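The primary structure of each chain is shown beneath.
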Amino acid sequence: MKKLIALIAAALAAPAFAATTYDIDASHSATSFAVKHLVISSVRGQFTKTTGAIQYDEANPARSTVEATIDASSIDTRDPKRDEHLKSADFFDVAKYPTLSFKSTSVAKAGKDKLEVDGELTLHGVTRPVKLAVTTTPSVKGMYGETRRGFSATTTIHRKDFGLTWNKTVEAGPVVGDDVTITLDVEGVEKKPETASK
């Protein structure tokens with residue numbers, strides 16, 4: 001009986017399984033978006049500089065966390081003149097708000113290799129709750145033996161909720177749509193635990 005009690009006590013005292021931390025590899029990750037133009041087509045673009053970290057507990061996703069920061073000035077819609085307008089005070093106002101950020105508040109399993117992540121998106125100085133639908137990939141080994149994993153997340157926001165209200169109306173309708181679909185394609189590199197120096 002004493003042996004059983006000792007085993008139970010040891011199990012309770014054992015540290016909980018730690019989530020694996022993946023640093024976002026900015027050179028292999030991007031945040032893209034799509035918004036309607038004149039109600040007939042979609043303008044697509046991306047932010048080319050996304051950094052942050054994902055703590056992913058595959059056995060218990062509720063223990064997972066996500067933090068990401070996006071450089072607003074890295075916007076690229078393949079049209080320099082449009083990009084400058086998007087960086088101006090009419091839209092992202094990058095001089096005043098240089099970054100966008102996301103921080104998770106909860107993570108839940110939503111199927112095989114799928115997660116539902118609730119969090120707070122800060123854009124144009126406004127913070128509002130958003131929900132991300134996330135798909136994960138199995139981990140793989142990189143060229144130098146490092147462990148990598150992919151995460152793809154999508155959500156749709158109403159841009160006016162974040163103070164992005166600029167628009168013009170022509171015969172066809174509004175020049176810029178109100179709903180923006182955001183996709184984050186992230187490649188994470190497993191962060192090795194730091195070892196104590198001798």
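This one's a predicted model, so the numbers in the text were calculated from it and none came from an experiment. (Residues numbered from 1 in each chain as written. Predicted model: local features only at pLDDT ≥ 70, side-chain atom pairs only at ≥ 80, totals over all residues. Heavy atoms only, no water.)

Trainee: Would you take a moment to explain the overall build of the protein for this structure?
Mentor: Secondary structure assignment for the protein yields two helices and 14 strands. When the 198 residues of the protein are sorted by exposure, 34% land in the buried category. Counting only contacts in the protein whose residues sit at least 6 apart along the sequence, the fraction spanning at least 24 positions is 54%. About 12100 Å² of surface is accessible on the protein, with carbon and sulfur atoms providing 57% of the total. (Helix = DSSP H or I, 4+ residues; strand = E, 2+ residues; numbered from the N terminus. Buried < 20%, exposed > 50% of the residue type's maximum accessible area, 1.4 Å probe, protein only. Contact = heavy atoms within 4.5 Å. Areas by Shrake-Rupley, 256 points an atom, 1.4 Å probe, with all protein chains shown as cover.)

Trainee: Help me out: how do you make sense of empty space enclosed by the protein in this one?
Mentor: Empty space left among the atoms is revealed by rolling a probe the size of a water molecule over them. Enumeration according to the criterion identifies one cavity of 30 Å³ or more in this entry. Roughly 210 Å³ of internal volume is contained in the largest cavity. Lining the largest cavity are 20 residues; nearest its centre among them are I54, V66, V134, F151 and A153. The set of elements that each furnish at least two residues to the lining of the largest cavity consists of β4 (50–56), β5 (65–71), β7 (99–111), β8 (114–123), β9 (126–136), β11 (147–158) and β14 (176–190). Among the elements that make up the lining of the largest cavity, the one with the highest residue count is β5 (four residues). Of the residues that constitute the lining of the largest cavity, the class distribution is 15 nonpolar, four polar and one charged. (1 Å grid on protein atoms, 1.4 Å probe; cavity = no way out; pocket = protein on both sides within 12 Å on 5 of 7 lines; lining within 4 Å. Points joined across faces, edges and corners; volume = space filled by probe spheres on them. Nonpolar A, V, L, I, M, F, W, Y, C, P; charged D, E, K, R; others polar.)

Trainee: Any chance you could explain the environment of T136 here in plain terms?
Mentor: Here T136 is to be found in strand β9. On the basis of relative accessible area, T136 is assigned to the buried category, the value being 4%. Residues T136 and V186, 50 residues apart in the sequence, show an inter-C-alpha distance of 9.6 Å.

Trainee: What's the story with the nonpolar core in this structure? I'm lost.
Mentor: Taken as a class, soluble globular proteins show a tendency for nonpolar side chains to be buried jointly. Judged by nonpolar contacts, the single largest core of 37 residues is most densely connected at F47, F92, L100, V117, L123 and I157. With five residues, β14 is the single largest residue contributor to this core. Ignoring anything within four residues of it in the chain, the contact list for F47 reads A30, T31, F33, I70, D71, A72, S74, I75, F92 and L100. (Core = buried A, V, L, I, M, F, W, Y, C linked by side-chain atoms within 4.5 Å.)

Trainee: For this particular structure, what's the right way to read the pairing of strand β1 (residues 20–24)?
Mentor: Regular strands place side chains that alternate from one sheet face to the opposite one. Sheet topology note: the β1/β4 ladder contains four bridges and is antiparallel. Bridged to T20 within β4 is Y56. (Pairing = 2+ DSSP bridges.)

Trainee: What is the right way to look at the side chain of T77 in this model?
Mentor: Mapped onto the secondary structure, T77 falls in the loop between β6 (75–76) and α2 (80–87). You can call T77 buried: its relative accessible area is 1%. Of note is the side chain of T77, whose polar atom sits 2.5 Å from the side chain of D83. Apart from residues no more than four positions distant in its own chain, T77 is found in contact with F33, R44, G45, R82, D83 and L86. (Polar contact = N/O pair within 3.5 Å; in protein donor to acceptor, adjacent residues only side chain to side chain.)

Trainee: I tried to follow the layout of surface pockets on my own but got confused; where do I start?
Mentor: Estimated volume of the largest pocket: approximately 560 Å³. Lining of the largest pocket is provided by 29 residues; of these, F33, V35, L86, F92 and V180 occupy positions nearest its centre. Take the lining of the largest pocket: its biggest share by element is five residues, from strand β2 (residues 30–37). Taken together, the residues that form the lining of the largest pocket break down as 22 nonpolar, four polar and three charged.

Trainee: Would you mind going over the pattern of salt bridges with me for this structure?
Mentor: Side chains bearing opposite charge may pair, as long as their charged atoms lie close to each other. By the definition in use, this model includes 11 salt bridges. For R149, the salt bridge goes to E58, with nearest N and O atoms at 3.3 Å. Remark: E58 occurs in the loop between β4 and β5 and R149 occurs in strand β11; sequence separation between them is 91 residues. Look at R149 and you get buried, because its relative accessible area is 6%. Judged by relative accessible area, which is 48%, E58 ranks as partly exposed. Residues E187 and R148 are paired through a salt bridge, measuring 2.6 Å at the closest nitrogen-oxygen approach. Here R148 lies in strand β11 and E187 lies in strand β14, a separation of 39 residues in the sequence. Each of D25, E146, R148 and E187 takes part in a single network of salt bridges with overlapping partners. (Salt bridge = Lys/Arg side-chain N within 4 Å of Asp/Glu carboxyl O.)

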